[in-house]
Amino acid sequence: MQTIYKTLQQQVQTAFPILFNESIGLHQITLNETVKDFEGDITLVVFPLLKLSKKKPEETAELIGNWLVENNPSIEKFNIIKGFLNLSFKNSFWIKTLIKTIDIPKKSDKILVEYSSPNTNKPIHLGHVRNNVLGYALSGIYKANHYTVNKVNLINDRGIHICKSMLAWQKFSNGETPESSGIKGDKLVGKYYVLFNEYYKAEISTLIEQGKSEEEAEKYAPILLEAQEMLRKWEQNDAEVVALWKMMNNWVYAGFELTYKRLGVDFDKYYYESNTYLLGKDAVEEGLKNGVFYKREDNSVWIDLTADGLDEKLVLRGDGTSVYITQDIGTADLKYSDFQMNKSIYVVGNEQDYHFKVLKLIMQKLGRVYADGIHHFSYGMVDLPSGKMKSREGTVVDADDLMDEMIQTAKEQTEALGKIETFSEEEKQQLFEIIGFGALKFFLLRVDPKKRILFDPKESIDLQGYTATFVQYTYTRTRSVLRKIENENIGTWQSSINLSETEKELLIKIYNYSIQLEISCNEMNPAKWIDYIYELAKAYNKFYNDCPILNIEDGNVRNFRIALTQKTGTLIKQALEIVGIQVPERM
RNA sequence: GGUCGCGUAGCUCAGGGGAUAGAGCAACUGCCUUCUAAGCAGUUGGUCGCACGUUCGAAUCGUGCCGCGAUCACCA
């Protein structure tokens, strides 16, 4: 079954030549949900049609309205206000939505989503959480729209910044390990990264006092030189350095796994930059041959993107070593050989907008078949009232700490309501996690991805109103109703029943499920989906408040309302699962 | 300075050519002897940053300006 919007569009298109002797394109036909305060369910805006109909708005609307009523048995009547043709559908049409579902067709496109992509020198903070939650949700939305989706994580596990924490550990740790200290692996490594920078800064100050310029001091601070030396050794596969690197990275991975598990995110494949950082040099060679790149006197390789409104960009250093984009060129090829994706999505912060413009252009110029499918899913930073979070300066909201706080908030507010006395300790703990993590994810997803989020650590994330808690609570309400009739056999209902406004609104929300799911996918916007979920829950709460479900005489209506309850509950659960939010059975 | 993004209620955000600009929070008022009140209903709250333009119609599109942010590394 296709959506009523599509059907109406096609019908208007069919009717147009008959009524006005002109043909019309589907895109010219705008249909909206009728706004509140007006009678009707769906509205056709006739203004854009006037040029072709060559008639007054009211007359045009009248003719189309009459034609539709005659040709579409689902339409009951219409009214015209100015240039708006408001169509009212028969109750039976909406009631059918409880049984019939709109098919979401299977897509042949393969989607590859890269997200998370952490550095192994610092623990996961709230900004990374946004990345993870967005990446997971976006993947879920594609999956729900029946695309083939693969999720990958490209781990930045090598480079000068990794050597910094390695060096600091070597110098200052006295052999401290996660086991000996009881500190989570990624936190421990992060601690030494911060330590390095403190020491580095101190050295810079000393050097400046000794009369060096700031630039010189930054460049020649002994500890930095030592880190660079360590990186050289790593690249030469020095046994000791590699062993240290492996040991510390394994600590980090163990720590990350715990956090990923709590966040509920997962990946089909992990890429490690230590394996991919040499890739891309062949592609650079290839680009040199066919004139995409050019060489400068010092042997460095460049691409001139000034014709595309960008700059000249280095793609390989004079000494033949890679820069960031070199690896990304190679990794892009690697991804394609692994997955043959039609669309390659990079969930990466908007600070890298420029970089991804460059990457896409390069791949296009290199003639890669997948280049047009490269898409940078650019999202805004999570900022604090004090400004940007900076790992190096330790001004970050740590992911694990935040999750603990969320559980604590959920616990306090849940216990204050006093509804869970009969729960076991385990059930309670589980509930607090579902509520706390749900609230956090919802908070991050409800904002348009491309906009930045302000997070004030002093204010706890809300559990009232436009929140996951609200939606979860709505779900438990449906469960609570259905639990009461577990042992009953529920009969059917007649589609001729009278519908209240509230019931109809809920039915329309239910009907919109797959429409909204598709829109959220096409616009790549999980926030749209979150908004729909909230509206669905809101509509059920109003229904729950206005309409008795079980306590009514009329068995027909009772069965219908039970079915509404079942359907809403199922959809809420599904809808939240798509974006990685769980529901409790009671709360 | 160049490029990109953002600016809507006291706060956090929807709406991105179509009707009288919507939610949540905060404040205030009602609704639990009836299916879970983490709920429902209502009141208060707006120069949609400013100006000009395009259009039957602009918060939405264009241009200019103002404010905030990011980016313009042989860092990643």
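This is a predicted model, so every value here is computed, not measured.

1. Considerations on the overall build of chain A
Helix and strand counts for chain A stand at 22 helices and 14 strands. A burial count over chain A gives 52% of its 587 residues as buried. Across chain A, contacts joining residues at least 24 apart in sequence account for 74% of those joining residues at least 6 apart. Charged side chains of chain A number 71 positive and 81 negative; the gap between the two group centres comes to 3 Å.

2. Brief notes about the protein's contact with RNA strand B
In the vicinity of RNA strand B, 61 residues are found, and the nearest of them are Asp298, Arg317, Lys419, Tyr473 and Ser480. The sugar and phosphate moieties of RNA strand B supply 60% of its atoms located within 4 Å of the protein. The backbone of Tyr324 places a nitrogen or oxygen atom 3.2 Å from a phosphate oxygen of RNA strand B. One of the side-chain nitrogen or oxygen atoms of Lys484 is found 3.1 Å away from a sugar or linking oxygen of RNA strand B. Elements with a contribution of two residues or more to the surface near RNA strand B: strand S2 (42–45), strand S4 (84–89), helix H15 (353–365), helix H16 (399–417), helix H18 (468–483) and helix H21 (526–546). Its residues placed into classes, the surface near RNA strand B shows 25 nonpolar, 16 polar and 20 charged.

3. So, the sheet that holds strand S9 (residues 301–304)
Judged by pairing direction, the sheet is antiparallel, and its three strands sit side by side in the order S8-S9-S10 without closing on themselves. At either end of the open sheet lies a strand with only one pairing partner, and these are strand S8 (294–295) and strand S10 (312–316). Pairing geometry for S9 and S10, over four bridges, is antiparallel. Each bridged residue has a counterpart across the sheet, and for Ile303 the counterpart in S10 is Lys313.

4. Regarding the pairing of strand S12 (residues 374–379)
Among the six residues of S12, five are classified as buried, and the element is accordingly described as predominantly covered. Considered for its hand, the β-α-β crossover made up of strand S11 (residues 343–349), H15 and S12 is right-handed.

5. A look at helix H22 (residues 555–578)
Along an α-helix, residues three or four apart share an orientation, since each turn contains 3.6 residues. The terminal C-alpha atoms of H22, which comprises 24 residues, lie 35 Å apart, in line with the 34 Å expected from a rise of 1.5 Å per residue. Where burial is concerned, most of H22 is hidden: 18 out of the 24 residues are buried. One side-chain oxygen of the residue at the start of H22 lies 2.9 Å from the amide nitrogen of Asn556, identifying that residue as Asp554. In the segment just after H22, Gly580 is the residue with positive phi, at about 80 degrees.

6. Comments concerning the pairing of S2
Walk down a regular strand and you will see the side chains alternate between the two sheet faces. By the alternation rule, side chains of S2 split into Ile42 and Leu44 and Thr43 and Val45, which are all buried. Bridge analysis of strand S1 (residues 31–33) against S2 gives three bridges, and the strand direction is antiparallel. Note that in S2 the partner of Glu33 across the bridge is Ile42. Direction of pairing for S2 relative to S4: antiparallel, over a ladder of four bridges. Bridge pairing links Ile42 to Leu87 in S4.

7. Re a negative patch on the surface
A surface patch of negative charge is lined by Glu214, Glu215, Glu216 and Glu218. Position of Glu215 among the secondary structure elements: in helix H9 (residues 214–220). Residue Glu215 is classed as exposed on the basis of its relative accessible area of 66%.

8. A few points about the pattern of salt bridges
For the structure on display, the rule yields 33 salt bridges. Of the charged contacts in the structure, one is a salt bridge between Asp41 and Lys504, with a shortest N-O distance of 2.9 Å. Of the two residues, Asp41 sits in the loop between S1 and S2 while Lys504 sits in helix H19 (residues 501–511), which places them 463 residues apart along the sequence. There is no split in this pair, since Asp41 and Lys504 are both buried. Residues Asp308 and Lys365 are paired through a salt bridge, measuring 3.2 Å at the closest nitrogen-oxygen approach. Within this pair, whereas Asp308 is found in the loop between S9 and S10, its partner Lys365 is found in helix H15, the two being separated by 57 residues in sequence. Given the relative accessible area of 36%, Asp308 is considered partly exposed. Three or more residues joined by partner-sharing salt bridges are found here, namely Lys184, Asp186, Lys187, Arg262, Asp398, Asp400 and Asp404.

9. A look at the domain arrangement of chain A
Looking at chain A, the domain boundaries give domain 1 (4–89), domain 2 (159–265), domain 3 (290–320) and domain 4 (399–578). Between domain 2 and domain 4, the C-alpha centre-to-centre distance is 45 Å. Contact residues are listed per partner, giving six residues for domain 2 and seven residues for domain 4. For the domain 2 and domain 4 pair, buried surface summed over both sides reaches about 580 Å², with 46% attributable to carbon and sulfur atoms. Linking domain 2 to domain 4 there are four salt bridges. Arg262 serves as the salt-bridge partner of Asp400, at 3.8 Å between the closest nitrogen and oxygen. Here domain 2 and domain 4 share five residue pairs in polar contact (both at pLDDT 80 or more) between them. Only helix H8 (185–209) and helix H11 (239–263) provide two or more residues apiece to the side of domain 2 that touches domain 4. Residues of the side of domain 2 that touches domain 4, tallied by class, amount to one nonpolar, one polar and four charged.

Cut-off values and rules
Residues numbered from 1 in each chain as written. Chains lettered and ligands numbered in written order. Predicted model: local features only at pLDDT ≥ 70, side-chain atom pairs only at ≥ 80, totals over all residues. Heavy atoms only, no water. Helix = DSSP H or I, 4+ residues; strand = E, 2+ residues; numbered from the N terminus. Buried < 20%, exposed > 50% of the residue type's maximum accessible area, 1.4 Å probe, protein only. Contact = heavy atoms within 4.5 Å. Lys, Arg positive; Asp, Glu negative; His and termini not counted. Charge placed at Lys NZ, Arg CZ, Asp CG, Glu CD. Near = heavy atom within 4 Å. Polar contact = N/O pair within 3.5 Å; in protein donor to acceptor, adjacent residues only side chain to side chain. Nonpolar A, V, L, I, M, F, W, Y, C, P; charged D, E, K, R; others polar. Pairing = 2+ DSSP bridges. Right-handed = clockwise from strand over helix to strand, strands pointing away. Expected span 1.5 Å × (residues − 1). Patch = residues over 30% accessible without salt bridge, like charges linked within 9 Å, V, L, I, M, F, W, Y side chains within 5 Å. Areas by Shrake-Rupley, 256 points an atom, 1.4 Å probe, with all protein chains shown as cover. Salt bridge = Lys/Arg side-chain N within 4 Å of Asp/Glu carboxyl O. Domains from an automatic or database assignment. Buried area = accessible area lost by both parts, 1.4 Å probe.

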